[in-house]
Amino acid sequence: MEKEELQIIQQMFSELKSDIQQLDQKFSSQLEQVEEKLSSRLDQVENRMDGLSVLLDLEIRKKIDLLVEGQEALMERLPDPAQAEDIEHRLSAVEMVVKVHSRDINDLKKAQ
């Protein structure tokens, strides 16, 4: 009976081994499919990121160019330092004249 039992056990192990091999093949196949899908999705994400990067570069570059243009326009409107100093002197002189004239007008109003 021992020999028969050993044969039965051997047959069970053989069946188990066969089942394990089938499961291993099935698992390997499914794993390969998952890897392929993930690889494909990763490629799609990379392509989208590349496109997004290009789009951002273009948009940022446009905005920087607009800022530079605005800055240049402002700089063109500002007087150069020599002119600014002259304008300050002239403005001081005008302020003094206005003060004198305002005082004179007030004195004339009081005199009436």
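Scroll up to find the structure.
Residues numbered from 1 in each chain as written. Predicted model: local features only at pLDDT ≥ 70, side-chain atom pairs only at ≥ 80, totals over all residues. Heavy atoms only, no water.

A. Fine view of the overall build of the chain. Across its full length, the chain carries two helices and zero strands. Computed over the C-alpha atoms, the radius of gyration of the chain is 45 Å, more than 25% above the 13 Å expected from 2.2 N^0.38 for a compact globule of 112 residues. On the principal axes, the C-alpha backbone points of the chain span a range of 145 × 30 × 20 Å. Here the chain holds 112 residues, and the buried ones make up 0% of them. Here the chain displays about 11200 Å² of accessible surface, and carbon together with sulfur accounts for 58% of that area. Distance between charge centres in the chain, computed from 15 positive and 25 negative side chains, equals 12 Å. (Helix = DSSP H or I, 4+ residues; strand = E, 2+ residues; numbered from the N terminus. Rg over C-alpha atoms; globule rule 2.2 N^0.38 Å. Buried < 20%, exposed > 50% of the residue type's maximum accessible area, 1.4 Å probe, protein only. Areas by Shrake-Rupley, 256 points an atom, 1.4 Å probe, with all protein chains shown as cover. Lys, Arg positive; Asp, Glu negative; His and termini not counted. Charge placed at Lys NZ, Arg CZ, Asp CG, Glu CD.)

B. Fine view of a negative patch on the surface. Together, Asp 65, Glu 69, Glu 72 and Glu 76 give the surface a local cluster of negative charge. Here Glu 69 lies in helix α1 (residues 2-77). (Patch = residues over 30% accessible without salt bridge, like charges linked within 9 Å, V, L, I, M, F, W, Y side chains within 5 Å. Salt bridge = Lys/Arg side-chain N within 4 Å of Asp/Glu carboxyl O.)

C. Spotlight on a nonpolar patch on the surface. A surface patch of nonpolar side chains, about 710 Å² in accessible area, is lined by Val 45, Met 49, Leu 52, Leu 55, Leu 56, Ile 60, Ile 64 and Val 68. Summarising the element assignment, Met 49 is placed in helix α1.

D. Highlighting the pattern of salt bridges. For the coordinates displayed, the defined rule picks out one salt bridge. Between Glu 59 and Lys 62 there is a salt bridge, with its nearest N and O atoms 3.9 Å apart. On the criterion of helical spacing, the pair formed by Glu 59 and Lys 62 is a turn pair, its members being three residues apart in helix α1.

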